[in-house]
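# Chain and residue survey
As a plain string of letters, each chain reads:
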Amino acid sequence: MVFILEDTINGILMGSIYGLTALGLTLIFGVLKVINFAHGSLLMVGMYVAYWAVTLSGAHPYLTLILVIPVMYLFGYYLQDIVIKPIFKAESEVREPITVIIVTTGVWYVLDNLTLLIFGPHYRTIQENPLRGKMLELGGMLISVPKLWGFSAAVLTAAAVYLFLQKTSMGRAIRATSLDREAASLMGIKQFKIYNIAFGIGTATAGIAAVTLVPFYNVFPTVGVLFDIKGFIIVVLGGLGSIGGAILGGMIIGVIESVGPQFMAATWAEGIVYGLFLLFLFVKPSGLFGVRYDW
Amino acid sequence: MAILELRNLIKAFGGLRAVDGLSLAIEEGQILGLIGPNGAGKSTAFNCIAGVYPPSSGEVYFCGEKTNNQKPWDLCRKGLARTFQIVKPFASKSLLYNVMVGSFSRTKKRSKAEEKALAVLKSLHLDVKKDMNSGNLTIADRKKLEIGRALATEPRLLLLDEVMAGLRPTEVDEMVAVIRNLRDSGITIFLIEHIMRAIMALSDRIVVIHYGKKICEGTPKEVADDERVIKAYLGEDYGVS
Amino acid sequence: MTRENLQKAFLTLVLIIVFGLPLILRSPTYLHILVLLYLYAYLTTSWNLVGGFAGVLPLGHAAFFGIGAYTSTVLYVQYGVSPWFGMVLGGVLASITGVMIGLPTFKMRGAYFALATIAFGEGMRVMVENIDHLGPFNINGPRGLQIPPLNVGLANLMFTNKEPYYYIILVMLIAVLAVTYFISRSRLGYYLNAGGEEPEAAMSLGVNVARCKLIAMAMSSFLTALAGSFYAQFSLFIHPKSVISLDLSFEIAFIALIGGRGSIVGPVLGALLLRPVSDFSRIYFGATLPGLHLIIFGMVLILVMIYLPRGLQQPLTKAYNGLLNRLDRRSR
Ligand SMILES: Nc1ncnc2c1ncn2[C@@H]1O[C@H](COP(=O)(O)OP(=O)(O)OP(=O)(O)O)[C@@H](O)[C@H]1O
Ligand SMILES: [Mg+2]
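Residues numbered from 1 in each chain as written. Chains lettered and ligands numbered in written order. Predicted model: local features only at pLDDT ≥ 70, side-chain atom pairs only at ≥ 80, totals over all residues. Heavy atoms only, no water.

Before going further, it helps to examine helix α5 (residues 139–151) of chain B. With 13 residues, α5(B) ought to run about 18 Å at 1.5 Å a step, and its terminal C-alpha atoms sit 18 Å apart, in line with that. Burial within α5(B) is extensive, with 12 of its 13 residues counted as buried. Within α5(B), burial applies to Ala140(B), Asp141(B), Arg142(B), Lys143(B), Lys144(B), Leu145(B), Glu146(B), Ile147(B), Gly148(B), Arg149(B), Ala150(B) and Leu151(B). In this fold, the buried residues of α5(B) make contact with β6 (80–82), α3 (95–103), α4 (110–123), β7 (157–161) and α6 (169–184) of chain B together with α8 (199–204) of chain C. (Helix = DSSP H or I, 4+ residues; strand = E, 2+ residues; numbered from the N terminus. Expected span 1.5 Å × (residues − 1). Buried < 20%, exposed > 50% of the residue type's maximum accessible area, 1.4 Å probe, protein only. Contact = heavy atoms within 4.5 Å.)

Another point: the sheet that holds strand β1 (residues 2–13) of chain B. Residues and elements named next belong to chain B. Strand order in the open sheet formed by 4 strands is β2-β1-β4-β5, with antiparallel pairing between adjacent strands. Only two strands of the sheet have a single partner each, and these edge strands are β2 (16–27) and β5 (65–66). Here strand β4 (residues 57–62) runs beside β5; their pairing, made up of 2 bridges, is antiparallel. Each residue of the ladder has a partner; that of Phe62, found in β5, is Glu65. On top of the sheet, helix α1 (residues 42–49) reaches β1, β2 and β4; it is set at about 115 degrees to β1, its chief contact. (Pairing = 2+ DSSP bridges. Axes fitted to C-alpha atoms, helices over the stretch in contact; angles between N-to-C directions.)

The partner chain C presents 45 residues to the 43 residues of chain A that form the contact. Buried area between chain A and chain C, both sides added, is near 4,100 Å², and the carbon and sulfur share of it is 78%. Remark: the boundary between chain A and chain C carries 0 salt bridges. Linking chain A with chain C are 0 residue pairs in polar contact (both at pLDDT 80 or more), by the criterion used here. Of all the elements in the fold, those that place two or more residues in the side of chain A that touches chain C are α3 (65–90), α4 (98–119), α9 (223–238) and α11 (266–283) of chain A. When residues in the side of chain A that touches chain C are grouped by element, the largest group, 15 residues, is from α4(A). Residues that form the side of chain A that touches chain C fall into these classes: 31 nonpolar, 7 polar and 5 charged. (Buried area = accessible area lost by both parts, 1.4 Å probe. Salt bridge = Lys/Arg side-chain N within 4 Å of Asp/Glu carboxyl O. Polar contact = N/O pair within 3.5 Å; in protein donor to acceptor, adjacent residues only side chain to side chain. Nonpolar A, V, L, I, M, F, W, Y, C, P; charged D, E, K, R; others polar.)

Residue and element names in this part refer to chain B. An order of β6-β7-β8-β3-β9-β10 is seen for the 6 strands of this open sheet, with the pairing classed as mixed. Sheet topology places β6 and β10 (213–218) at the edges, where each strand pairs with a single neighbour. Averaged over neighbouring strand pairs, the angle between their axes works out to 20 degrees when direction is ignored. Alignment of strand β3 (residues 31–35) against strand β9 (residues 205–210), held across 4 bridges, turns out to be parallel. The partner of Gly33 across the bridge, within β9, is Ile206. Where α6 meets the sheet, it contacts β3, β7 and β8 (188–192), and its direction lies at approximately 150 degrees from that of β8.

Our focus in this paragraph is the interface of chain B and chain C. It is common to give the size of an interface as the accessible area lost on bringing the parts into contact. Each side of the interface is counted separately: chain B has 25 residues, and chain C has 20 residues. Of the roughly 2,200 Å² buried between chain B and chain C on both sides combined, carbon and sulfur atoms contribute 59%. Counting across the interface, chain B meets chain C through 1 salt bridge. Glu200(C) is paired through a salt bridge with Lys88(B); the nearest N and O atoms lie 3.9 Å apart.

This part takes up α3(A). Since the α-helix turns once every 3.6 residues, residues separated by three or four places project in the same direction. A rise of 1.5 Å per residue sets the reference length of α3(A), with its 26 residues, at 38 Å; its end C-alpha atoms lie 36 Å apart and thus fit the reference within 8%. At Ile84(A), α3(A) shows its largest kink, close to 50 degrees, and the proline Pro86(A) lies no more than four residues downstream. (Bend = angle between axes of the 7 residues up to and from the residue.)

Below is the structure:
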């Protein structure tokens, strides 16, 4: 019984980090109405930035947030501005620009393979790692410390993004654009500027996720793909565009992945995740917290 | 018998009743005008009739049959066609292609569909542009194409949503003539329009709605003289006391 | 010569070349590369029925490919059923599966369909990797299945040299192109294009958009599965990572998109231009510059989407038409 409780807790912790990786995905979808297939690759870029920052400076892994957040924000901002915006402009009349999805897929391929070309396929772990294998003992259960930090980061980031969207004027402008970009631009909101900012914020949250992952996860060129696919499933479970839904969806996946192997082969637990996803598509496509779309 | 009848039609979006208890009828062969201020619920009423939204309550009868929950494509086959306020051409395709999508609703044969589409384009004087990309058309031609596509489905009732908005005066005159011709060929027309000159000239009867409710109905002359209509357009504060 | 005759002459020339190629090109390596090239052209053309005409983005076609490969292989190896029969059965199974995915998702935003197909493809791979026995069938989990090269002959779709494979996949490619051509000129083709571009307008013109997409999906998954069976017989070894991989799903989509989705020649052109890029970069730079061809794919995809949203076929078709016109005028 204790095992199951321990697995559940560790599952929730890891799952919240999954949720954090998916946060930017759901935010970007909410505003741009586009699934960013390159999101996992952005996470991967964040992990490499954090990895090199720690390795070169010897700083505490979490200290790299100071560097990773602004770097990733700018990366996302200009990625949207330079690569994605032209397509939005070309297809401004199309209600759902599939072409944009396709371009983000291109970005994914370029980023992953460029990284492979530059850094090679090796799995990397940070050497000076004060958090390696650190466990907290709690009534006979072992809880991973870096995952506990990851959980805190996920909850804090989600809360911060939520408050930002609700309470600040920039947040309100972003929400107005997400509801109706034409009306928002009539009110003087610059649609593409908002898109850039939303993309920047989404990428920055991927950066935060990257920093929380680096102390206990390998860094390699295709690491993003794992999180990408999980991220897609999470955002559909939670409801595309819902911030709380992303964290909760992540936790569900995390628990299945960590408790499942008690009862079946670990690879089957992965299968269950896909099954759950397809089940949701059939039964409740809007997810746990999503809104039904107009068609 | 009325070709279209609405009985106490209500369409609510959340708390907002965009159409609120609307009843009206169109006799076959007539032109009925629907006017009202922006946001009055005109387009929403059209969408309910054409099967885009199921009504929240009330009934829609088309040709004597209750059609509340029927789908747009089924209604189209039964003889109901419509245009969109914001035109929606298949922009990467030619005019002929656009219209053939409509004419395919009456035949599976490509040659017949093409023949029909060409005839429709000719009747709208668009035949010279038939191979042009519809994305490159002027606003007036886009509106005409929108009508052409609808006509190709051989409708009995045609819903026209602001087909004259954005046109120049000469183009409006041309459009008025086009619509008259359609009526003379036996098609019943239900028309939303903001351009008063046009709607007054065309309509047999006019229905005025405001906040989803019908506030007045009558001949163009009766409607033009109605105090409630003037108030609706100019605001409640405008008193004639 | 008139335009039509010119076009016919051109087509005949192409046919003579592709059918005569094995007579000149006797190297099995080159024939092998060509078979794979045609296979890709076939796959992208089948994908194009939904991805191009219906205007949605399927990213899990490897699942159908895998269904075809596994169905015919299991039936042949374990029950001695002719792969031709397994091929058709696999097609039917894939078709049913395709419709099942399309049913809930075609009514929603395109993003859902794209995600559902990815999850379906990956879920399928995980399943096959985990199952050794599916009822009476042995699918052998992650180890995959081998086809013993016995009983060679047309009835068993198995040959010792490459030429027969070459001709079979060539005929399949021509057939699928013909199907695409006829669909594009039929009511279904018009409806698919219309529904993909402006669903609301299409519906108002009598198009049941979701149903048309389902039909397209059924055909596309059927045709894709046929190629899976062919591939299994050609390579004589299949395993989940080779026939149900995400990479394959994406590569099919990429090639079709770069070539030009929604057009008939686009996907073929895409395969013709991009397959050699990946073959050669793998051969020459595979060790030194791994992933180079994928960087090229990604870059080309981004640039094409920005500057030529209708794909590389756009300028090429234009040039071809220009040439025809010039020849036409000169001959008058
Ligand atoms: N899909 C929808 N969801 C929510 N509200 C809607 C929807 N469609 C329309 N509305 C609202 O319903 C009301 C009526 O809109 P409608 O488009 O029918 O007006 P209209 O009379 O056609 O106006 P206009 O003259 O500007 O075209 C408006 O307040 C509009 O915001
Ligand atoms: Mg309107």
